[in-house]
Structures are given as structure tokens and as C-alpha cells.
Amino acid sequence: MIEGNRDPGSTSAATPETGIPADEAAALRRAGRAWEEVPQADARTDTPGLDPNLEAVEAHGSLPGQRYVRIVRAHNQGFDHVAPGWLQATRRAMAPSGRVGLLRCLVCGTILGPPMATRQFVHERLSKIKALAVLSSDALSSVAYATEQTLVILVAAGSMALSASLPIMAAIAALLVTVVVSYRQTIKAYPRGGGSYIVAKDNLGDRVGLIAAAALMTDYVLTVAVSVASGKDFIGAAFPWVAEHPVFTCVAMILLILLGNLRGIRESASIFAAPTYLFVGSIVVMLGVAFYRIATNSVMPVNTAQLPHATQSLGIILVLRAFASGCTALTGVEAISDGVPAFKPPEWRNARSTLMVMAAISVSMFVGITVATHLMGLHPFPNANPPIVVQLATASFGGGSWGLYLVTAATAGILVLAANTAFSDFPRLLFFLSRDNYAPHQFGHLGDRLAYSNGIIVLGGLAAILVATFGGVVDRLIPLYTIGVFLAFTMSQTGMVVRWLKRREPGWRRGLTVNTAGAICTGVVFVIVASVKFLEGAFVIVAIVPALVMIFLAVHRHYLEVEVTLEMETPTSPGSVHPTCIVPISDLNGLALQSLAMARSLSSAVIAVHVCEDENHIAQLRAKWELWGNHIPLTIVESPYRALVRPLLAYIDAIDRQHSDDTIVVVLPELVATRWWHNLLHNQSALRLKAALLFRPGTVVVDVPHHLRRHRRIPRHQDRHNDEDAL
């Protein structure tokens, strides 16, 4: 709850009965023995009339005939009674107070929907049909412009050079198949999510994993920017106002997709599935009609201008540039391996099936569009207007036909919604980074709708800034594209090669062959793409990736500092201090023990409160409490809607009603960072709770700060005996 030094792991073995590391269990027992030295007469844990479980019998009336008894249930005060010392906060405990809070809940509930309990997360998993729409929209949409990006480069060498699009197409299709088969192996090896960051970090080291993560993050941001900019071009062909206001249109589309994803992954899949399948269906029908017209020599006339005179020769450099531009067809391939946990069980099998279906559809559409374009003699126009897909639809269905409008609308829709893939995987990547202490922990928290809302909002903001910077022009964004994704591809496949060589698991020879081929292919393509596009703007990515890695390492150093320097500033034995009333805790660690000791020095009626939504953590905390000796009543407030402040305030109100003449004293453990920007890396739970308690009449807040330092400093008034027993 209040952020402390929850140990992310220990080098010692865990006790089998509790799962608590042996050294931590021994430290808790030593601390408990210090509490046993306190005289029992001073330990009052069962104050008459004070019930931490909020199940009380109240007597009213003093005169005969006027006396009555009222039973107060926990449910009536906003809690459900789960077990002794275990409460679960209900929607009533979360109800906001004040007009501003009510208005905010009303607006958020109307736009995003009501909050969802953590137990509903299992029902938010995706079926293969919905996952194909959510996680493959980027890969499927790239075929709408991959052919055109190849031809835009080749057209500089004249009409004869356009025939080179066929061998380039074959090379890109073969590369796509190789990468997909390689990621098929990755999904099986990492059934809980095998993105480039996880694979590279696991097999090549933390630094290499961070490089892969930084490359993927830049690619996800560019995916959103390029997708909405491409969709804007299609819509602008029909509505001139859109073309005249590109930045406003792109930002508006980003906002709509952001809001859709904040509603939750399953609901966003339901919203975005129809446009994805409409695009696939319309392209398949268009290709069928196109090849029929080619076979019957009945191609509809297309208003195409003559190609300008050649300005370059068809050399190896031009071919490599065309190949590098056409490799945009591979963007989004990794999304399914990153999103394995989003599938319904069995997750990895469903993910592999979806990956193969996505590959089959992408390759078929890419090859079909490229071949049909070549056979019909189509070529790109200046400023990509009309796009190749629109020209192909015109040649297939005729100008002004329903088929032309359907293909145009479906393509515009999928290009915009391709950004949804990034909105699904970017927050999940930040979750993994925050879990490993390389990104702020706020990115590891689920929002009201069981989505990683903070990551979604950050992605939307970065993409909007990028679109505004480049004016929403696709040609200015494309040179930055695909570099990060091929760097991540290469690291992921190289990591799998190392894994096979180290572990030699069943089938390792076949897996080694597949991933070695994938690593070589993607590595070669990365070198080609980076060298060809470097002067076109790729140098920006080369600068951004190291900068992001440095930020990750700085964040990690801070969290390591928190773990290393988090030592008690006051004794943890009640014999040295005087205890308190209500102590919110996140775990039974050094910071919690010193706060509990301070609480007992102030009052003999002390209640420790832990607000949490994780049942596993609740069970572990109760086990730690028993090891420590259960010296103070522990009340668990289970918060299925992941709220902290409101359930805690509701609990304090309920306790205050039991003893209205007493003064409520809340003891808050709090970390004090050494640098101002370190505050951005913590949840600031204590600060938010202090702000809420500031306006609560009759409440005293005792702040127990812990100042993070680079070097340990022995606190004043701490004797040698307490130093030996300190955790």
C-alpha cells in the first residue's frame, strides 16, 4: 500500500511453507523477540468497543423502555467481511465525496465505463479472433503501403525499374516468413510473453535487453504516428478539410484510439475488430476481381500520368533503398509474441496459431497487391495521391463504384486502427520494465478498466508530439520507421540462439536452425535499413535509443538505492518508543516496523491496516505477521478496484464512529528522496493520503519519514541492542 521497500527478491532460499526468504523470516523472528520483551500489561490489543472487523453491537438509551441494541455490519460501512481480520472494500467505500469527485466519476464512467474488479481480469483475455484484430492490425495494415514505398524509390529509375519490385517482393515475403517462424519458436519458449526485451535480457544480459526495449518503444511511438498520418491521407482524398488540417486530424484520431484502449483490452478489441476484418475481406475481394480482369484482359481504365524521366540508374544502392522501404511490411510482427498473456488459455498455443494466421494473410495480401500492381502497370503518383491501393481498386471495380469506396474506407480505417497494436504492446513493455525497476512503478499498475492506463496515456502523448513535430506528413516519418523494429528483431533472435545453445532443450537443433536463420536475416536487414536511411533521418533513432537506455539505468540505480539504503531511523522495539492508533502499511519490513513501534509509543490501541488487491500478497503478509508474533491486530482491506485512499478513509471513518470522543492518529511511513526527480518514480501514496487527511477534522497525522542517503547514517537515540536486532 504505502510504498516501502518491498523486497523484489532474495538470494536466500524461501521457506517452503510460506514462500518467505529464509533470511527475511529469521529477521522477522528476531524483531518479534524484541517485542516479547515488552511488559504484557502495556500491550492492549482488544480495546472494549473497538472492533477492527467493523462488526459491532451498539447500545443506545439510558432510561428503561428507551434502551435498544443496534448491530452494525461491515457491509453497511462499505466493506465485506471475508475472514477474521480480512475485509474487502466495496463500491460504497470507493464512492467519492464532494461535487468535483462525483463529477469526475460521472464523466469517467460515461466515457470509459465503470471500474472493474481485479478478479474480472481473467475474463478480459482475448479469443484468437479478437486477438488477431487487436495484435495484428499493424502487421496487416502495413501491406497497404509497403508496395507503394518500394515503388516510390524504384520510380526514380524509370518505368523499366518497376519490374524490380517483384524480386524485392519475394525477398521481403521470404523475410517475413522467416521472422514469423522464428517468433513461433519464441512464443513456445516464453509462454508468458516473449518480446524482444524479455528474450534479450534473459539470454544476452540486462543492457542488451534495455537496448531492445528502447528500440521497441521508439518503433511503437512511430507506429502510432505513421498509422494515423497514413489514414489521414486516405481520408483527406475524400474530404479536403482533413488534408488542410493534418495535425489536428491526426491528434484527434490518436485521442479516439487512446480512449478506446482505456476502456480495456477486451472492449477495445470488440470496437476495433470489425474494421480489421472489413479491410482483409475487401482486399481479398479486390485481388480476386483484379486477377480475374487481368486474366480476361478487362482491366478498368485508371487515370495514370506518364512517369517522369529517370533521374537515377537501377543500381544496387537504389534496390537496397527500395528493399529497406518495403520492409515496413514487417512492422507489428512481434506484437503477438509480446501479447501472449492477453490470450485465453492455453495462451501460447493460441498465440502461435494466431501468429501463423496473421502471417498467411499478410504474405498473401502483400504478394497479391504487388503482383497485381505490376501486371496492371500501375505506379505511384507524387505525394502518394491517389495511393496504389486506390488505383488498384479503381482498376478492379471502376471509378465511382461501390467497391472503390469500400476498399478506400476499409484501408483508411485499418491504417488508423493499426495504432491500436502499439497501444496494446507499449504499455505491456513498460509494465515489464517497471517490474524490473527500469521504469517508474506507476506503469505497473492497472487502471479502473484493467488496462495499463499510464502507459497508454504516455504513448498517446508522445505520438501526438511526434505528429505535431513532423506536421503529420508520412514521407517525413517513414525514414525513422522500421529501424527500431529490426534492431529488436535481431536481438530477440540472437537471444533465442544463445538460449538453445545453453539449455539444449528438446528440439533444440531445429529451434537453433530456425532462430539462427532469423537472426542472420534480420541482422543483415537492420544493417541495410540503418545505413540506407541514416542520412534520411535515422540518425535521430540512433541518438534516442542510447538516451532511453541511460534513463532506464538511472531509474534502476534509484530503485537499487531505495533497497540498499532503506534502514530504520527509529528503533523497531516498543521498549524504546511509545506506539500509535492506525498505521497503513504495504509490507512487514523495516519501514513498517519502525512506524508500528512509533505508533505503540503514542497509544496502546494500535491497528495496522493493509489495503491491497492481490490475494497472494495478502496471504504472504499474514504469514509474515505470524512469524513476527502478531503483536498488533492486522486488518486487511481487500480493494478489488485497486483504490487506496478512499477505502482507507472509509475505514478510518468507521473506526472513528466507534470511539467518537477519541482523537484519531494516523501514522504514515514515507520515503524522502535525495533528488527532486526521484519523486516521479514513486506512487506518492503517503502524500496523497496526507492531503486527504488534511481536511478531515479531528485527525492527527504523524509522518514517519525515511531519508534516502548514499551512505548509512546511524540514527540518534538508537542503542547497540537495537542495531543488532535491526532488519
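Quick notes on the rules
Residues numbered from 1 in each chain as written. Predicted model: local features only at pLDDT ≥ 70, side-chain atom pairs only at ≥ 80, totals over all residues. Heavy atoms only, no water. Helix = DSSP H or I, 4+ residues; strand = E, 2+ residues; numbered from the N terminus. Buried < 20%, exposed > 50% of the residue type's maximum accessible area, 1.4 Å probe, protein only. Contact = heavy atoms within 4.5 Å. Areas by Shrake-Rupley, 256 points an atom, 1.4 Å probe, with all protein chains shown as cover. Core = buried A, V, L, I, M, F, W, Y, C linked by side-chain atoms within 4.5 Å. Patch = residues over 30% accessible without salt bridge, like charges linked within 9 Å, V, L, I, M, F, W, Y side chains within 5 Å. Salt bridge = Lys/Arg side-chain N within 4 Å of Asp/Glu carboxyl O. Phe/Tyr/Trp six-rings, centres within 6.5 Å; stacked < 30°, edge-to-face > 60°. Lys NZ or Arg CZ within 6 Å of the ring centre and 35° of its normal. 1 Å grid on protein atoms, 1.4 Å probe; cavity = no way out; pocket = protein on both sides within 12 Å on 5 of 7 lines; lining within 4 Å. Points joined across faces, edges and corners; volume = space filled by probe spheres on them. Nonpolar A, V, L, I, M, F, W, Y, C, P; charged D, E, K, R; others polar. pLDDT = per-residue confidence, 0-100. Pairing = 2+ DSSP bridges. Right-handed = clockwise from strand over helix to strand, strands pointing away.

Novice: Go over the overall build of the protein chain, please, and point to the residues and values.
Specialist: If you tally the helices and strands in the protein chain, you get 27 helices and nine strands. For the protein chain, the proportion of its 727 residues judged to be buried stands at 56%. Across the protein chain, the fraction of contacts at a sequence separation of at least 24, relative to all contacts at a separation of at least 6, is 78%. Roughly 31,300 Å² of accessible area belongs to the protein chain as shown, and the carbon and sulfur atoms make up 62% of that amount.

Novice: So what about the nonpolar core? Which residues, and what values?
Specialist: Ranked by internal contacts, the top residues of the largest apolar core, which has 146 residues, are Leu330 and Leu433. With 14 residues, helix 9 (residues 206-238) is the single largest residue contributor to this core. Ignoring anything within four residues of it in the chain, the contact list for Leu433 reads Tyr197, Leu210, Ala213, Met217, Tyr438, Ala439 and Phe552. The next biggest cluster of nonpolar side chains, apart from the first, holds 50 residues, and it includes Trp86, Leu87, Trp628 and Leu693.

Novice: Describe in detail a nonpolar patch on the surface, supporting the description with residues and values.
Specialist: A cluster of nonpolar residues, Leu103, Leu106, Val107 and Ile111, forms a patch on the protein surface that exposes about 370 Å² of accessible area. Within the secondary structure layout, Leu106 lies in helix 3 (residues 99-112). For Leu106, a relative accessible area of 56% corresponds to the exposed category.

Novice: Could you give me a rundown of unusual backbone geometry, with the residues and numbers involved?
Specialist: The bulk of non-glycine residues show a negative phi, and the bulk of peptide bonds are trans. Omega for the bond connecting Pro345 with Pro346 falls within 30 degrees of zero, at -10 degrees, which places this linkage in the cis form. With respect to the secondary-structure elements, Pro346 resides in the loop between helix 14 (335-338) and helix 15 (347-376). Residues other than glycine seldom take positive phi values, yet Asn297 does so here, at roughly 55 degrees. As for its position among the elements, Asn297 is in the loop between helix 12 (265-296) and helix 13 (316-326). Unusually for a residue other than glycine, Asn437 sits at a positive phi of about 65 degrees.

Novice: How would you sum up the packing of aromatic side chains? Please name residues and give values.
Specialist: Overall, the coordinates contain eight aromatic pairs when judged by the stated rule. Summarising the aromatic geometry, the rings of Trp241 and Phe248 are spaced 5.9 Å apart at their centres and angled 90 degrees between planes, so their arrangement reads as edge-to-face. Taking the relative accessible area as the measure of exposure, Phe248 reaches 56% and is therefore exposed. Ring geometry for Phe486 and Phe489: centres 5.5 Å apart, planes at 80 degrees, overall edge-to-face. Taken together, the residues span about one helical turn, with Phe486 and Phe489 both in helix 21 (residues 483-503) at a distance of three residues. In terms of burial, Phe486 and Phe489 fall into one category: buried. Put simply, the rings of Tyr183, Phe486 and Phe489 touch in pairs and so form one group of aromatic residues. One cation-aromatic arrangement involves Arg499 over Tyr190; the distance from NZ or CZ to the ring centre is 4.7 Å. Taking NZ or CZ as reference, Arg504 lies 4.4 Å from the ring centre of Trp508, over its face.

Novice: Would you mind going over empty space enclosed by the protein in detail, with residue names and values included?
Specialist: Throughout the structure, instances matching the rule amount to five cavities of 30 Å³ or more. Here the second largest cavity defines a volume of roughly 70 Å³. Among the elements that take part in the lining of the second largest cavity, helix 9 stands out by supplying four residues, more than any other. In the lining of the second largest cavity, the residues fall into five nonpolar, three polar and three charged.

Novice: If you had to explain the confidence of the model for the protein chain to someone new, which residues and values would you point to?
Specialist: The predicted coordinates of low-pLDDT regions are not to be read in fine detail. Put simply, the protein chain has an average pLDDT of 80, and 83% of its residues get 70 or more. Within the protein chain, no element has a lower average pLDDT than helix 27 (residues 720-725), which sits at 44, and none a higher one than helix 19 (residues 453-469), at 92. Predicted confidence is poor over residues 41-45, with pLDDT under 50, and the contacts of this stretch with residues over four places away or in other chains come to seven contacts. Low pLDDT, under 50, characterises residues 576-580; the stretch is placed with 32 contacts to residues that sit more than four places away or in other chains.

Novice: Kindly report on helix 16 (residues 388-397), identifying the contributing residues and their values.
Specialist: Of all ten residues in helix 16, ten are buried; the element is thus mostly enclosed. Those residues of helix 16 that fall on the buried side of the exposure criterion are Ile388, Val389, Val390, Gln391, Leu392, Ala393, Thr394, Ala395, Ser396 and Phe397. Immediately beyond the C-terminal end of helix 16, within one or two residues, lies Gly398, with a positive phi of roughly 100 degrees.

Novice: How would you explain the pairing of strand 7 (residues 634-638) if you had to name every residue and give the values?
Specialist: The side chains of a regular strand alternate between the sheet's two faces. Within strand 7, five of the five residues are buried, which leaves the element mostly enclosed by the surrounding structure. Because side chains alternate across strand 7, one face comprises the buried residues Leu634, Ile636 and Glu638, and the other comprises Thr635 and Val637, equally buried. Bridge count for strand 6 (residues 607-612) against strand 7 is five bridges, and the pairing is parallel. Note on strand 7: the bridge partner recorded for Val611 is Val637. The parallel pair strand 6 and strand 7 is bridged by helix 24 (residues 615-628), and the resulting crossover is right-handed.

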